[in-house]
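# Notes for the structure review
So you can see what is in the structure, the chains are spelled out below.
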Amino acid sequence: MTKRTTAEPVLSTRALNRATLDRQLLLRRSPMSAMAAVEHLVGLQAQEVKPPYYALAARLEGFTPEDLSGRLADRSAVRMVTMRSTIHLHSAEDGLTLRPLVQPARDREINYFRKGLVGVDLDRLAALSRELVEAEPRTMKQLREALGAEWPDADPQSLAVAARCKLPLVQVTPRGLWGRGAQVSLTTVEHWLGRPAEPAASADATVLRYLAAFGPASVKDMQTWSGLTRMRPAFERLRPGLLVFRDENGVELFDLPDAPRPDEDTPAPPRFLPEFDNLLLSHADRTRVVPPANRGRTWQVNTVYCPFLVDGFVAGVWRILDDALVIEPFDELTRAQRGEVTEEAARTLQIMHPQESYDIRFGTVLP
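What comes next concerns the included structure. (Residues numbered from 1 in each chain as written. Predicted model: local features only at pLDDT ≥ 70, side-chain atom pairs only at ≥ 80, totals over all residues. Heavy atoms only, no water.)

### Considerations on the pairing of strand β7 (residues 252–255)
As a general feature of sheets, a regular strand has side chains that alternate between the two faces. Selection rule: Only protein chains enter the accessibility calculation, which uses a 1.4 Å probe. A residue is then buried if its area is under 20% of the maximum for its type, exposed if over 50%, and partly exposed in between. The numbering of helices and of strands both runs from the N terminus, where a helix is a DSSP run of H or I of at least 4 residues and a strand a run of E of at least 2. A pair of strands is considered paired only if DSSP assigns at least 2 bridges between the two.
Side-chain alternation along β7 places Glu-252 and Phe-254 on one buried face and Leu-253 and Asp-255 on a second face that is also buried. One ladder, built from four bridges, connects strand β6 (residues 243–246) with β7; its direction is antiparallel. Counted as the bridge partner of Arg-246 is Glu-252 from β7. Once β6 ends, the chain turns through five residues before running back antiparallel as β7, passing Gly-250 with a positive phi of about 85 degrees.

### A few points about unusual backbone geometry
Here Thr-173 and Pro-174 are connected by a cis peptide whose omega angle stands at 15 degrees. Its place among the elements puts Pro-174 in the loop between β4 (169–171) and β5 (186–188). Omega for the bond connecting Gly-215 with Pro-216 falls within 30 degrees of zero, at -5 degrees, which places this linkage in the cis form. By the element assignment, Pro-216 lies in the loop between α11 (203–214) and α12 (219–226). One non-glycine residue, Leu-25, lies in the positive phi region at around 65 degrees.

### Quick notes on the sheet that holds strand β12 (residues 313–320)
Rule in force here: Contacts are residue-level and defined by heavy atoms, with any inter-residue pair within 4.5 Å sufficient. Angles run from 0 to 180 degrees between N-to-C directions of axes, and those axes are lines fitted to C-alpha atoms, restricted for helices to the stretch in contact.
An order of β8-β11-β12-β13-β14 is seen for the five strands of this open sheet, with the pairing classed as mixed. Each edge of the open sheet carries a strand with a single partner, namely β8 (271–272) and β14 (359–362). Note that β8 and strand β11 (residues 306–310) share two bridges and pair antiparallel. By the bridge assignment for β11, Phe-272 is matched with Phe-308. Contacts between helix α14 (residues 335–352) and the sheet are confined to β8, β11, β12, β13 (324–329) and β14, with β14 contributing the most and set at about 145 degrees to the helix.

### Notes on the pattern of salt bridges
For clarity, the threshold we go by: By definition here, a salt bridge exists when the distance from a side-chain nitrogen of Lys or Arg to a carboxyl oxygen of Asp or Glu is within 4 Å.
What the rule picks out here adds up to 29 salt bridges. Salt-bridge contacts for Arg-195 lead to Glu-198; the nearest nitrogen and oxygen are separated by 3.2 Å. Since its relative accessible area comes to 31%, Glu-198 is described here as partly exposed. Across the pair Arg-232 and Glu-236 runs a salt bridge whose closest N-O atoms are separated by 3.1 Å. Linking Arg-232 with Glu-236, this pair stays in helix α13 (residues 232–238), spanning four residues, or about one helical turn. Taken together, the salt bridges that share partners define one network made up of Arg-29, Arg-271, Glu-344 and Arg-347.

### Section: a negative patch on the surface
Put simply, the rule is: For patch building, the residue pool is restricted to those with more than 30% relative accessible area and no salt bridge; the joining distance is 9 Å between like charges and 5 Å between nonpolar side chains (Val, Leu, Ile, Met, Phe, Trp, Tyr). Calculation of accessible area relied on Shrake-Rupley with a 1.4 Å probe; when residues are assessed, cover is drawn exclusively from the protein chains displayed. This count recognises Lys and Arg as positive and Asp and Glu as negative, with His and chain-terminal groups excluded. To locate a charge, take NZ of a lysine, CZ of an arginine, CG of an aspartate or CD of a glutamate.
Where like charges cluster on the molecular surface, the negative patch consists of Glu-248, Asp-263, Glu-264 and Asp-265. By the element assignment, Glu-248 lies in the loop between β6 and β7.

### Focus on the layout of surface pockets
Our working rule: The distinction between a cavity and a pocket rests on a 1 Å grid over the protein atoms alone: a 1.4 Å probe fits inside a cavity but cannot get out, while a pocket stays open yet meets protein on both sides within 12 Å along at least five of seven lines, and a residue with an atom within 4 Å of a point counts as lining. Grid points are joined across faces, edges and corners, and a volume is the space filled by probe spheres set on the points. For this classification, Asp, Glu, Lys and Arg are treated as charged, while Ala, Val, Leu, Ile, Met, Phe, Trp, Tyr, Cys and Pro are nonpolar and the rest, including Gly, are polar.
A volume near 460 Å³ is recorded for the largest pocket. Every residue lining the largest pocket is counted, 23 residues in all, and those nearest its centre are Leu-280, Leu-281, Arg-286, Thr-298 and Trp-299. The class makeup of the residues in the lining of the largest pocket is 12 nonpolar, seven polar and four charged. Its volume calculated, the second largest pocket comes out at about 270 Å³. Lining the second largest pocket are 13 residues, and of these Lys-50, Tyr-54, Glu-275, Cys-306 and Ile-320 sit closest to its centre.

What follows is the structure in structure tokens.
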């Protein structure tokens, strides 16, 4: 490793916050197209149908849900398991190249289900599963039943999870389309797109894309985002072309030389984010966005809430009921902050539900 004789500049938590918000298109709404933003952000969390739409509503100027729904409908975007073994919405190109990059993590995931897979030939399972889902899209229930008939002594759920880990399965439409309800049905990304598999994206290129969307960041941050391990060699290969900083705890951070790093006092307007937004999930140290006092307050037991930002940091949660958008701050907001948050709530409703009427009200401050 190259010996460094000068101390790296220190970035405060607020400086990291503003830099990350800028990369995440959250300091000001961007004129980017929906697909350009999806690619810049290296995918959107899509465990449920609505979050990707709300994620772009908070980030893009002139966005409408149809902008993204249309890309899923014409198959220029796909929903599939990639980073952290979670469903992400990607461009078709990223779906073909990022999934093979994270395949080692999916292979490790199978180990958690080994007890239910005794006697199962995983290569045979992958081949049979491919035949099944490429003949016609299958639900997980249908996969469990078909694979269980082949391996009756194995655990059906473990068989289906192993198939999901071994194959690049996409959720076919109408699942994921705005305003459309449908159960999850799966086929391979190659079959859905009518294109052959492509080589995996390189680790080095993916590190650079991650820094462009989430930097400045540490090796551990990137590993947290991707679910991959042993990423240090990629950072070391790239080190000569990167800037190096430290956070307030002395952790080494890497960044692109020409990436924006706004002044820490740059205004950050309120933003309403969906549950599982990658802003909150893509760093080992989340204090750049989540104040320590608010850690863990955006979920309770098995329920995850939608967070909103004030001055760039998570300040509470929000939800839409039948007749109102309800805002529940963690601490009392000033009159000016309440006014700005209300304006952003109205803007969010206008983007996402222009034909519907909702009140905006503040709920009880959560404990």
